[in-house]
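Residue-level structural notes
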Amino acid sequence: MSTVLVVEDELPLQQAIQLELEKNGLAVVTARSVKQAEVLLKELGKVDAVWLDHYRIGEESGLDFVAKMKNSKKWQKVPIFAVSNTASADKVKTYLKLGINKFYTKANNRLEAIISEIKKSI
Amino acid sequence: MSLVDLETQAINSVDVGELETAQHLLDSKKYWDYKAEYKAGLDKYVMPAGVDLDSATSISTKALDTAQNDLLKLNRLKSYVIYGLIAFILLSLIFLIIVLNRVLLSPIARIREAANSVSSGNLDLRLKIESDDEVGELAHDFNNMASSLKKSVTNIEKIVSTRMAELEKTNALLVGRDVTKEREIDRAKTEFISLASHQLRTPLASINWYAEMLADGGAGKLNKTQKQYLDEIYAGNQRMVGLVNTLLNVSRLELGTFIVEPKLTNIIELADGVILEMKPQAEGKEVSVITKFNKDLAELLIDPNLIRIVLQNLISNAVKYTREKGKVWVAIDKDKEDVVITVKDNGLGIPEAQKDKIFTKLFRADNVKKTAIEGTGLGLYIVKSIIEHAGGTVSFTSQENKGTTFTVTFPLKGMEKKEGTRELDS
């Protein structure tokens, strides 16, 4: 079973994402900060995709996390989907430059549509 | 009258200086007739006595000529005396003028010139006092006046300089306060954007996703009424998302933080895409959308996101404010150096009295407020802001209950790139 790491600090959203991913046959691990996510990556040794919020996930932002993953031989090929309500246009550009698969604005997109794209990437 | 009378009269005339009268009398025919008659009479009596009458009369004529000549000389002398007197008076006047000018007028002219110079700002000018008379006193008073004026002006300059320094300090404080206030306002606006984008959008996303999950049967199958209520919640939430996005766009336009990123874009495809999105609303009211596109215009250097927002607002307004089975025309063409987008409808129209407010933020016309048609009153404001930023124009013609035509133009050469922090949400 493929595993998706969900980095999202808003608990109601995190729960909805988890439920919908699981409904789509995917295993889910959740983290509320970049630090937690890094710990999980080490523990798991493997994830198939990352759902990443940009803002207020601990002291480091989603960008720091993407930079770390793309700099690591082990994790650089893992598809990353940044989903945020707050990232500014230049931040979105930076995400895309760093090599994420796609950027979504939460409020403007259906959950099902994002998960469908994640599934395609795995 | 006799010959003697005529001659007496002539002599009298000479005596009183009326020479012309005397000459006239002596030249008259009457005189010579008398004279001839008189001579003939005399000749008749004296000739027999051996007297030469012509010699006798020539003596009296000579005496008369002499008298006339004397009189002429006298008159000439009188004229000489009169002319001499006039010349003397004129010479005396000229002399007097010269003396006056030297003694009186020249110093006055110098004082006048000095007064003009002082009035032009030369406050250091002083007159040289050359006499003890009234003119000298006037020059002395003039110098005193110039000195007083100089002192007054110096004092005023000092006062003005002090006041200016104080004013500059006050201005600097006020400007400082204004700048601080502006920064506070900017910060408040930025905070609003952050609040709207994070604090509002996050719960909106939550409602969206849970409503979506419920509708998909994630929490069990819904009955018809539950499904209907859920659809209302979802639709209401979508409107809220739309409103938040619109408000964010307004803030970004006002703060100038929006990005303009021109890229070669097929404007016809862009318009077709917007019309396709609008299809459910148009078909729901049986409104037909008729297009007329100039295919030569396909590739333009525009920000597709911004032009999409412009087209979305204009076309959705046209569809919204047109009655059932109405018509909407969308045309894209070029005119010299401009792209021309025309969106026309045969809908509600804009009331004459409110036409000047149509681009005002949050304004909705009275006739549309009476209907159940929803709107934020922000769409046209956003369209105008975007198009004016792109160096274009937005105009309209409208007649209530007949319809409205909006015309947007912007340069064919495209839009200029602008750095910013936010894209506008379409």
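Below: a short report on this structure. Keep in mind that this is a model prediction, so the values were computed, not measured. Note on numbering: residues in each chain are counted from 1, in written sequence order. A letter from A marks each chain and a number from 1 marks each ligand, given out in the order of writing. Confidence filtering applies because this is a predicted model: local features only for residues at pLDDT of at least 70, side-chain atom pairs given and counted only at 80 or more, and all residues used for totals across whole chains, interfaces and linings. Computation of side-chain values covers all heavy atoms of the structure but excludes hydrogens and water.

Helix numbers and strand numbers start at the N terminus; a helix is a DSSP run of H or I with at least 4 residues, a strand a run of E with at least 2. Across its full length, chain A carries 5 helices and 5 strands. Traced from its N-terminal end to its C-terminal end, chain A shows the element sequence β-α-β-α-β-α-β-α-β-α. When burial is assessed residue by residue, chain A has 52% of its 122 residues classed as buried. In this analysis, two residues are considered to be in contact whenever any of their non-hydrogen atoms come within 4.5 Å of each other. The contacts of chain A with a sequence gap of at least 6 include a subset with a gap of at least 24, amounting to 64%. For chain A, the computed accessible surface area is about 5,700 Å², with 48% contributed by carbon and sulfur atoms. Throughout this description, buried means an accessible area under 20% of the type-specific maximum (1.4 Å probe, protein chains only), exposed means over 50%, and partly exposed covers the range between. Computed with the Shrake-Rupley method and a 1.4 Å probe, the accessible areas treat only the protein chains shown as cover for residues.

A few words on helix 2 (residues 19–27) of chain B. Residue and element names in this part refer to chain B. Within helix 2 the residues assigned to the buried category are Ala22, Leu25 and Leu26. The buried residues of helix 2 occupy an angular sector of 95° when projected down its axis, which confines them to one face. Opposite its buried face, helix 2 presents the exposed residues Glu20 and His24, each directed more than 90 degrees away. Directions pointing from the helix axis toward each C-beta atom define the arc.

This next bit is on the sheet that holds strand 7 (residues 403–411) of chain B. All names here are of chain B. Here, strands pair whenever DSSP counts at least two bridges between them. Read across the open sheet, the 5 strands follow the order 2-4-5-7-6; overall the sheet is mixed. Because the sheet does not close on itself, it has two edges, and the strands there are strand 2 (288–293) and strand 6 (393–399). Across the sheet, the mean angle from the axis of one strand to that of its neighbour is 10°, orientation sign disregarded. Both strand 4 (residues 327–335) and strand 5 (residues 338–345) contribute to a ladder of 8 bridges, which runs antiparallel. What sits directly across from aspartate 333, in strand 5, is valine 340. Docked against the sheet, helix 9 (residues 304–320) engages strand 2, strand 4, strand 5 and strand 7, running at close to 20° with respect to strand 5. Here an axis means a line fitted to C-alpha atoms, over the contact stretch when the element is a helix, while the angle between two N-to-C directions is reported on a 0 to 180 degree scale.

Okay, the interface of chain B and chain A next. Facing 22 residues of chain B, the contacting portion of chain A comprises 29 residues. Note on chain B versus chain A: buried area summed over both sides is about 2,200 Å², and carbon and sulfur give 53% of it. The working definition used for a salt bridge is a side-chain nitrogen of Lys or Arg within 4 Å of a carboxyl oxygen of Asp or Glu. At the junction of chain B with chain A, the criterion picks out 1 salt bridge. Between lysine 93 of chain A and glutamate 261 of chain B there is a salt bridge; the shortest N-O distance is 2.9 Å. Taken together, the elements giving at least two residues each to the side of chain B that touches chain A come down to helix 5 (134–215) and helix 6 (224–255) of chain B. Values labelled buried area give the accessible surface lost by two parts on being combined, using a 1.4 Å probe and summing over both.

A few words on a negative patch on the surface. All names here are of chain B. Within this analysis, patches are made of residues with over 30% relative accessible area and no salt bridge. Like charges are joined at 9 Å or less; nonpolar side chains (Val, Leu, Ile, Met, Phe, Trp, Tyr) at 5 Å or less. Charge assignment: positive for Lys and Arg, negative for Asp and Glu; neither His nor the chain ends contribute. Working definition for charges: the position is that of NZ of Lys, CZ of Arg, CG of Asp or CD of Glu. Judged by side-chain charge, Asp132, Asp133, Glu134, Glu137 and Asp141 come together as a negatively charged surface patch. Inspection of the secondary structure puts aspartate 132 in the loop between helix 4 (53–119) and helix 5. On the basis of relative accessible area, aspartate 132 is assigned to the exposed category, the value being 78%.

With that out of the way, let us pick up the sheet that holds strand 4 (residues 80–83) of chain A. Residue and element names in this part refer to chain A. The 5 strands lie next to each other as 2-1-3-4-5, forming an open sheet whose pairing is parallel. Each edge of the open sheet carries a strand with a single partner, namely strand 2 (27–31) and strand 5 (102–104). On average, each strand axis in the sheet is inclined to that of its neighbour by 20°, with strand direction left out of account. Set on the sheet, helix 2 (residues 34–44) makes contact with strand 1 (3–7) and strand 2; between it and strand 2 the angle comes to about 140°. Contacts between helix 5 (residues 111–121) and the sheet are confined to strand 1, strand 3 (49–52), strand 4 and strand 5, with strand 3 contributing the most and set at about 150° to the helix.

Quick look at the packing of helix 1 (residues 3–15) of chain B against helix 2 of chain B now. All names here are of chain B. Put simply, helix 1 and helix 2 touch, their axes get as near as 7 Å, and they point 160° apart. Relative to helix 2, helix 1 is oriented roughly antiparallel. Pair helix 1 / helix 2 crosses with left-handed handedness. Here Leu6, Gln9, Ala10, Ser13 and Val14 of helix 1 come into contact with helix 2, specifically with Leu19, Thr21, Ala22, Leu25 and Leu26. Three categories are distinguished: nonpolar for Ala, Val, Leu, Ile, Met, Phe, Trp, Tyr, Cys and Pro, charged for Asp, Glu, Lys and Arg, and polar for the others, with Gly belonging to the last. For the contact of helix 1 with helix 2, the residue count by class is 7 nonpolar, 3 polar and no charged. When describing relative orientation, an angle under 35 degrees is termed roughly parallel and one over 145 degrees roughly antiparallel, while 65 to 115 degrees is termed roughly perpendicular and anything else oblique. Crossings are classed by handedness, with left-handed meaning an anticlockwise turn of the near helix from the far one by less than a right angle and right-handed meaning a clockwise turn.

So, about unusual backbone geometry. All names here are of chain B. The backbone phi angle of glutamate 286 is positive, close to 55°, even though this residue is not glycine. Relative to the helices and strands, glutamate 286 resides in the loop between helix 8 (279–284) and strand 2. With a relative accessible area of 51%, glutamate 286 lands in the exposed category. Positive phi, normally seen in glycine, also occurs at lysine 336, with a value near 55°. Inspection of the secondary structure puts lysine 336 in the loop between strand 4 and strand 5. Note on lysine 336: relative accessible area 78%, which makes it exposed.

Residues and elements named next belong to chain B. Where strand 6 lies against strand 7, 7 bridges are found, and the strand directions are antiparallel. Note that in strand 7 the partner of glutamine 399 across the bridge is glycine 403. Taking the residues that link successive antiparallel strands as the turn, the strand 6-strand 7 hairpin has 3 residues, and the phi of asparagine 401 there is positive, at about 65°.

Before going further, it helps to examine the pairing of strand 4 of chain A. Residue and element names in this part refer to chain A. Residue alternation in strand 4 divides its side chains into two sets, Ile80 and Ala82 and Phe81 and Val83, and both sets are buried. Summarising the sheet, strand 3 and strand 4 pair through 3 bridges and their orientation is parallel. Across the sheet, residue valine 50 finds its bridge partner in strand 4, namely isoleucine 80. Pairing between strand 4 and strand 5: 3 bridges, direction parallel. If you follow valine 83 over to strand 5, its bridge partner there is tyrosine 104. Here the term right-handed applies to a crossover when the path leading from its first strand over the helix to its second strand runs clockwise, the strands being oriented away from the viewer. Note on the crossover from strand 4 through helix 4 (residues 89–98) to strand 5: the handedness is right-handed.

Okay, helix 7 (residues 267–277) of chain B next. Residues and elements named next belong to chain B. Within the span of helix 7, buried status applies to Ile267, Ile268, Leu270, Ala271, Val274 and Ile275. Seen along its axis, helix 7 keeps its buried residues to an arc of 160°; they face one direction. Structural note: helix 7 exposes Glu269 and Leu276 on the side pointing more than 90 degrees away from its buried face. We define a polar contact as two N or O atoms separated by no more than 3.5 Å, with the added condition that, inside protein, one atom must be a possible hydrogen donor and the other a possible acceptor, whereas residues neighbouring each other in sequence contribute only through side-chain atom pairs. The N-cap of helix 7, judged by a side-chain oxygen 3.0 Å from the amide nitrogen of isoleucine 268 a few residues on, is asparagine 266.

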